[in-house]
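# Commentary on secondary and tertiary structure
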Amino acid sequence: MGKNEEGEQPQAPLVVIVDDDPDICDALRDLLQSVGIDAISFLSTRALLDADLPERPGCIVLDVRLPGSSGLDLQAQLVSQGNRMPIIFMTGHADVPMSVRAMKAGAVDFLTKPVRDQEMLDAIAMAIKRDEIRRKAEADIRRVKDLAAALTPREREVLGCVTRGLMNKQIAHELGISEITVKLHRGNAMRKMEVRSVADLVRMSELLGPERSFARS
């Protein structure tokens, strides 16, 4: 595989299977391994919660009806903990209200057993892609926040004006400083943010969001 933007090898996806039927766990692991996807299985939600899972992209394939805490209970618990790993539910009984509840809570799919191999693989591929996109977006936000942390309060003000589309002369008037000083702060800030264009700067500002924009200290 190629390296990511930070020069590190990208992590291989991991599928986490939770089902109280060992035969289903074994069959799913074999299916995934046959297409080169790593998988690990648990027979209960408690076993999963007690495990020390590696931080890798992937998804959870989760049976709805489990001993003790149900799959839907686990979904709610993971959401409350900030765990956003995509979930694919399986059930032996078609239950529309249950599937609606799961999907509203963010599930990728709700499959009825027995699940066809290709249907499962398609759902897993979609879930893994969704998780990779989420992780990439979160990494981009962390990078922008780290770069922005090096800005001085005045540089933040100047960049905030730049992202609003103001020219140097307008920025100078709004901040009560000279145009030369604006150019100096603007140049320093652009170097710190590692950007060359206003368009790139605007995209960074959008990643930060309104609560953490350049205009804020």
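Residues numbered from 1 in each chain as written. Predicted model: local features only at pLDDT ≥ 70, side-chain atom pairs only at ≥ 80, totals over all residues. Heavy atoms only, no water.

### A closer look at the packing of aromatic side chains
Using the criterion set out here, one finds one aromatic pair in the structure. Both rings, one in F89 and one in F110, keep their centres 6.0 Å apart while their planes meet at 40 degrees; by these two values the pair is tilted. Placement of F89 in strand β4 (residues 87–91) and of F110 in strand β5 (residues 109–112) is noted, with a sequence separation of 21 residues between them. The exposure classification of F89 matches that of F110, with both residues buried. (Phe/Tyr/Trp six-rings, centres within 6.5 Å; stacked < 30°, edge-to-face > 60°. Helix = DSSP H or I, 4+ residues; strand = E, 2+ residues; numbered from the N terminus. Buried < 20%, exposed > 50% of the residue type's maximum accessible area, 1.4 Å probe, protein only.)

### Considering the pairing of strand β1 (residues 14–18)
Regular strands show a simple pattern: their side chains alternate between the two faces of the sheet. Where burial is concerned, most of β1 is hidden: five out of the five residues are buried. Of the two faces of β1, the one carrying L14, V16 and V18 and the one carrying V15 and I17 are both buried. For β1 and strand β2 (residues 38–42), the ladder comprises five bridges, and the chain directions are parallel. Paired with L14 across the bridge in β2 is D38. Here β1 pairs with strand β3 (residues 58–63) via five bridges, running parallel. In the strand pairing of β3, V15 is matched with C59. (Pairing = 2+ DSSP bridges.)

### Structural notes on the confidence of the model for the chain
With 91% of its residues at a pLDDT of 70 or more, the chain has an overall mean of 88. Low confidence marks residues 1–7, where pLDDT is under 50. Its contacts with residues over four positions away, or in another chain, come to 10 contacts. (pLDDT = per-residue confidence, 0-100. Contact = heavy atoms within 4.5 Å.)

### Describing the environment of L159
Structurally, the position occupied by L159 is in helix α6 (residues 153–163). A C-alpha to C-alpha distance of 9.9 Å links L159 and G187, two positions 28 residues apart in sequence.

### Comments concerning the layout of surface pockets
As a volume, the second largest pocket reaches approximately 220 Å³. N83, R84, M85, P86 and G106 are the residues nearest the centre of the second largest pocket, which is lined by 15 residues in total. Counting only elements with at least two residues in the lining of the second largest pocket, the list comes to α3 (71–80) and α5 (117–148). Partitioning the lining of the second largest pocket into residue classes produces seven nonpolar, four polar and four charged. (1 Å grid on protein atoms, 1.4 Å probe; cavity = no way out; pocket = protein on both sides within 12 Å on 5 of 7 lines; lining within 4 Å. Points joined across faces, edges and corners; volume = space filled by probe spheres on them. Nonpolar A, V, L, I, M, F, W, Y, C, P; charged D, E, K, R; others polar.)

### Re the packing of helix α1 (residues 22–34) against α5
How two helices pack is summed up by the angle between their axes together with the distance between the axes. Between α1 and α5, whose axes approach to 11 Å, the crossing angle comes to 70 degrees. Judged by the inter-axis angle, α1 sits roughly perpendicular to α5. The way α1 lies across α5 gives a crossing that is right-handed. When α1 is examined against α5, the residues L28, L31 and L32 are found in contact with a partner set consisting of D117, M120, L121 and I124. (Axes fitted to C-alpha atoms, helices over the stretch in contact; angles between N-to-C directions. Parallel < 35°, antiparallel > 145°, perpendicular 65-115°, else oblique. Left-handed = near helix turned anticlockwise from the far one by under 90°.)

### A look at the pattern of salt bridges
Under the definition given, this model contains 16 salt bridges. D26 is paired through a salt bridge with R29; the nearest N and O atoms lie 2.5 Å apart. With a gap of three residues between them, D26 and R29 both fall in helix α1, about one helical turn apart. Put simply, E155 and K192 hold a salt bridge, and the shortest N to O gap is 2.9 Å. With E155 in helix α6 and K192 in helix α8 (residues 179–192), the pair connects residues that are 37 residues apart, well separated along the chain. Three or more residues are tied together by salt bridges with common partners; here these are E55, R84, D131, R134, R135 and E138. (Salt bridge = Lys/Arg side-chain N within 4 Å of Asp/Glu carboxyl O.)

### Describing the sheet that holds β1
The parallel open sheet is built from five strands, whose spatial order is β2-β1-β3-β4-β5. With one partner strand each, in any of the chains shown, β2 and β5 form the two edges of the open sheet. In this sheet, adjacent strand axes meet at a mean angle of 20 degrees when their direction is disregarded. One ladder, built from four bridges, connects β4 with β5; its direction is parallel.

### Some points on the packing of α6 against helix α9 (residues 198–208)
Look at α6 against α9: their axes get within 9 Å of each other, and the N-to-C directions meet at 105 degrees. The pairing of α6 with α9 is recorded here as roughly perpendicular in orientation. Listed contacts from α9 to L159, V162 and T163 of α6 are V198, L201, V202 and S205.

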